[in-house]
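Structure at a glance
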Amino acid sequence: MPRGSDGGGRGQKGSGRGRGRGRQAHNGTAQSEVPSPALLTSLIKRSWTVESLFQTFSTYEGHFNHIHLSACWNSLGHQSRSTRVEGTAVHADALQSLVQKTSLVVTTCSEVRARQLANIAHGVAKSGLRQEHVGGLMTALAAALKARLAECNPQELANVAWAF
């Protein structure tokens, strides 16, 4: 019987099973599977364009946690140097969803720490988005940061001060 034909293949050297990778899609994740939190963070950081960042967010929005949102806003802030984020209908829905998801997490998630809040605030400010798009988010961030200012280190305080 050929190796793996019994459907098991567990424990057989070279079977390739048990590694949790499944079939790979074009973006490095298994097809129809949710990537691990670490892989999702990696996908966010490897999104070199605003389009790919919003595509990653749109695809995995339901699985974004406070750390992913922090990485996403940080990346968006960096990318805004070379690409205008707002003003295009292509990104409007994804941007609105990102702002709403971030506002919800900032106001309801007890796991969000000062570092993530500071990074989100810095990324939002650096993105250059107008107040009409992110005003509510910045208000939510200000309230959450006020409660956690004592947790901030000097760099986080500097990022918060710059953002506001």
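Above this text is the structure in question.
The structure reproduced in this document is the subject of the present report. Residue indices follow the written sequence of each chain, beginning from 1 at its first position. The model is predicted, so local features are restricted to residues of pLDDT at least 70 and side-chain atom pairs to those at 80 or more, both for listing and for counting; the totals for chains, interfaces and linings are taken over all residues. In computing side-chain properties, one takes all heavy atoms of the structure into account and sets aside hydrogens as well as water.

**Quick notes on the environment of A161**
Our working rule: Under the scheme used here, helices are H or I runs from DSSP no shorter than 4 residues and strands are E runs no shorter than 2 residues, and both carry numbers assigned from the N terminus. Classification of residues uses two cut-offs on accessible area relative to the type maximum, computed with a 1.4 Å probe and protein chains only: under 20% is buried, over 50% is exposed, and between them is partly exposed.
If you trace the backbone, A161 turns up in helix α7 (residues 154-163). By relative accessible area, which is 57% here, A161 ends up exposed. In this structure, the C-alpha to C-alpha distance between A161 and A118, residues 43 residues apart in sequence, is 9.2 Å.

**As for the nonpolar core**
As a reminder, the rule being used: For this analysis, a nonpolar core means a set of buried residues of the types Ala, Val, Leu, Ile, Met, Phe, Trp, Tyr and Cys, connected via side-chain atoms within 4.5 Å. What makes two residues a contact is simply this: any of their non-hydrogen atoms within 4.5 Å.
In terms of nonpolar packing, the biggest core is built from 38 residues, with F64, W73, L98 and L141 touching the most fellow members. Of all elements in the fold, only α1 (37-45), α2 (50-60), α3 (66-79), α4 (89-108), α5 (114-127), α6 (131-148) and α7 reach the threshold of two or more residues within this core. Residues within four places of W73 in sequence aside, it is in contact with L95, L98, V99, T102, I120, G123, V124, S127, L129, V134 and L137.

**A word on the layout of surface pockets**
Applied cut-off: Buried and open spaces are told apart on a 1 Å grid over the protein atoms alone, a cavity being a set of points where a 1.4 Å probe fits but cannot get out and a pocket being an open set with protein on both sides within 12 Å along at least five of seven lines. Residues with an atom within 4 Å of a point are the lining residues. Grid points are joined across faces, edges and corners, and a volume is the space filled by probe spheres set on the points. Just so you know the grouping, Ala, Val, Leu, Ile, Met, Phe, Trp, Tyr, Cys and Pro go in nonpolar, Asp, Glu, Lys and Arg go in charged, and all remaining residues, Gly too, go in polar.
Empty space within the largest pocket amounts to approximately 250 Å³. Listing elements by their share of the lining of the largest pocket, those giving two or more residues are α1, α3 and α5. Ranked by the residues each element gives to the lining of the largest pocket, the list is headed by α3, at 6 residues. Taken together, the residues of the lining of the largest pocket break down into 2 nonpolar, 8 polar and 2 charged.

**Let's talk about the side chain of T102**
Structurally, the position occupied by T102 is in helix α4. By relative accessible area, T102 is classed as buried at 0%. Those residues in contact with T102 that sit more than four places away from it in its chain are L69, W73, I120 and L137.

**Quick look at α7**
To be explicit about the condition: Starting at the helix axis, one direction is taken to each C-beta atom, and the arc is that of these directions. Polar contact criterion, stated in full: a pair of N or O atoms within 3.5 Å, where within protein one must be able to donate a hydrogen and the other to accept it, and residues adjacent in sequence count only if both atoms are side-chain atoms.
Of all the positions in α7, only E156, N159, V160 and A163 are classed as buried. Seen along its axis, α7 keeps its buried residues to an arc of 95°; they face one direction. Away from the buried face of α7 by more than 90 degrees, exposed residues P154, A161 and W162 are located. In this structure, the buried side of α7 is in contact with α5 and α6. Its side-chain oxygen placed 3.0 Å from the backbone nitrogen of Q155, N153 serves as the N-cap of α7.

**A short note on the packing of aromatic side chains**
Counted only if it meets this: Ring geometry is summarised as follows: Phe, Tyr and Trp rings, the Trp one being its six-membered ring, pair when their centres sit within 6.5 Å, and such pairs are stacked at plane angles under 30 degrees, edge-to-face over 60 and tilted between the two.
Evaluated as defined, the whole model comprises 1 aromatic pair. With centroids separated by 5.1 Å and ring planes inclined at 90°, the aromatic side chains of F57 and F64 adopt a geometry described as edge-to-face. Considered together, F57 and F64 belong to a single accessibility category, that of buried residues.

**What about the pattern of salt bridges?**
Stated formally: We define a salt bridge as a contact between a side-chain nitrogen of Lys or Arg and a carboxyl oxygen of Asp or Glu at a distance within 4 Å.
For the structure shown, the criterion picks out 1 salt bridge. The shortest N-O distance in the salt bridge between R130 and E132 comes to 3.3 Å. Residue classification places E132 among the exposed residues on the basis of a relative accessible area of 64%.

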